Amino acid sequence: MMAGVVASLAGSPQGAERIVKEQRLAELEWQQELLLAQTISEKKAVYAKRPNNAIYTNQMFNELESSLAEPWVMPYVVWQLRYRPMNSATVITLIEVVEKYHTTSPQLGEFCITLVSAGSSDQQTHMGVTATHSLKNKKEEFLNKVLRGGKTAETRGQAAFALSGMLAQLGDSPEVNKRRFELLRKAIIDAADSKVGDVTLADLAKEEIYRMTKLSKGAMAPNLVGSDTKGMPLKLSDSKGKVTVLVFWKSWEKYQDVARVMKKLATTYAGEPVEIIGVSGDLLSSVRDLEKMGEVTGSTFADPYGKLFQVYRVTETPMAYVIDRDGKIQYNGVLSSFVDLTVSALLAPEQN
């Protein structure tokens, strides 16, 4: 009798696949609704209704919990890593499960790639530094094992790609980038046609190389060409000779923070050779409405179709770049106090 009850509680591939499809459908429906929204208020209202992935990942956790040793769970373990916020202890447990039961799985390489960014929730706790350090060591140890001993060349290539991603967290010094290039080369040679979701690893590797060569610190900032909100020609290269703060934003994603920081920067560096340029994912009419309300600082590209976003590979906003007088990138990342510090440091030589 007890055995029958346990069996009935066990997860199944059919149950796991149902959860994946429900989550995907909810996300697609939400994206379509967001695309159709026209005004700022409509966009904000739709954005606030984004599907809560925790609902689906909690269902998946329950589905997989009693079946982690089963071969069928690996695609869904990868899915969990992608969508479920996890602390270090949980990610380490999953690594140990994979080491014990799934080292020959066809999904091992994709697990490696998804593993790179997993476990970030610990960074919000007072134990974050210690926990993140332990997890980083565990990830690198695991990835190096797969790189050396993966069953197939494809799996080893995917592990090489993942290790390149881990190294990216160390910055973009010449030494780091040299090692990353070596790993990406191996990834392309061994696993070019393997898929991560719907994208080939070769395409992902090319994207990483683009970021390293075009968007890292010290690289010449790619030019942006378009029109400002008044229809006048606007080029990023015209700001050469000034320190430029380039901010990518959307009115429905934390825009109050964007507006506050950009106004503060404009006030702090008034009279200095500093230019603030925004790239908005909003419709032109929406940007103009914000300008009328005094909520936009500096010149702004309207980029509702994402062409300029793509040049800088921006997928989440707000995103900031600080570009020096020679047109070289000196900071890229979140819109934070580091932007102010970088601008101040770049102006310092002129002030001495």
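Every value quoted in this text rests on a predicted model; they were computed, and no experiment measured them.

Time to look at the packing of aromatic side chains. Summed over the entire model, instances satisfying the criterion amount to nine aromatic pairs. Note on tryptophan 30 and tyrosine 47: the rings are 6.0 Å apart at their centroids and 50° apart in plane angle, and the pair reads as tilted. Separated by 17 residues along the polypeptide, tryptophan 30 in helix H2 (residues 13-36) and tyrosine 47 in helix H3 (residues 40-47) bring together distant segments of the chain. Tryptophan 30 gets classed as buried once you look at its relative accessible area, which sits at 7%. Linked through ring pairs, Phe248, Phe309, Tyr312 and Tyr321 together constitute an aromatic cluster. A cation over an aromatic ring shows up here: lysine 43 above the ring of tryptophan 252, its NZ or CZ 4.8 Å from the ring centre. Directly above the ring of tyrosine 210 sits arginine 313, whose terminal nitrogen or CZ lies 3.8 Å from the centroid.

Enumeration according to the criterion identifies 15 salt bridges in this entry. Here glutamate 182 and arginine 179 are joined by a salt bridge, their closest N and O atoms 3.3 Å apart. You can see glutamate 182 and its partner arginine 179 sitting in helix H10 (residues 174-191), three residues apart, about one turn around the helix. Here aspartate 257 ties to arginine 260 by a salt bridge, and the two come within 3.7 Å at their closest N and O atoms. With aspartate 257 and arginine 260 both in helix H12 (residues 255-268), this residue pair falls three residues apart, about one helical turn. Among the charged side chains, a network of salt bridges with common partners joins Glu99, Lys138, Glu141 and Lys145.

Cut-offs and rules
- Residues numbered from 1 in each chain as written.
- Predicted model: local features only at pLDDT ≥ 70, side-chain atom pairs only at ≥ 80, totals over all residues.
- Heavy atoms only, no water.
- Phe/Tyr/Trp six-rings, centres within 6.5 Å; stacked < 30°, edge-to-face > 60°.
- Helix = DSSP H or I, 4+ residues; strand = E, 2+ residues; numbered from the N terminus.
- Buried < 20%, exposed > 50% of the residue type's maximum accessible area, 1.4 Å probe, protein only.
- Lys NZ or Arg CZ within 6 Å of the ring centre and 35° of its normal.
- Salt bridge = Lys/Arg side-chain N within 4 Å of Asp/Glu carboxyl O.

Read these as layout, nothing more, since geometry by itself doesn't imply function.
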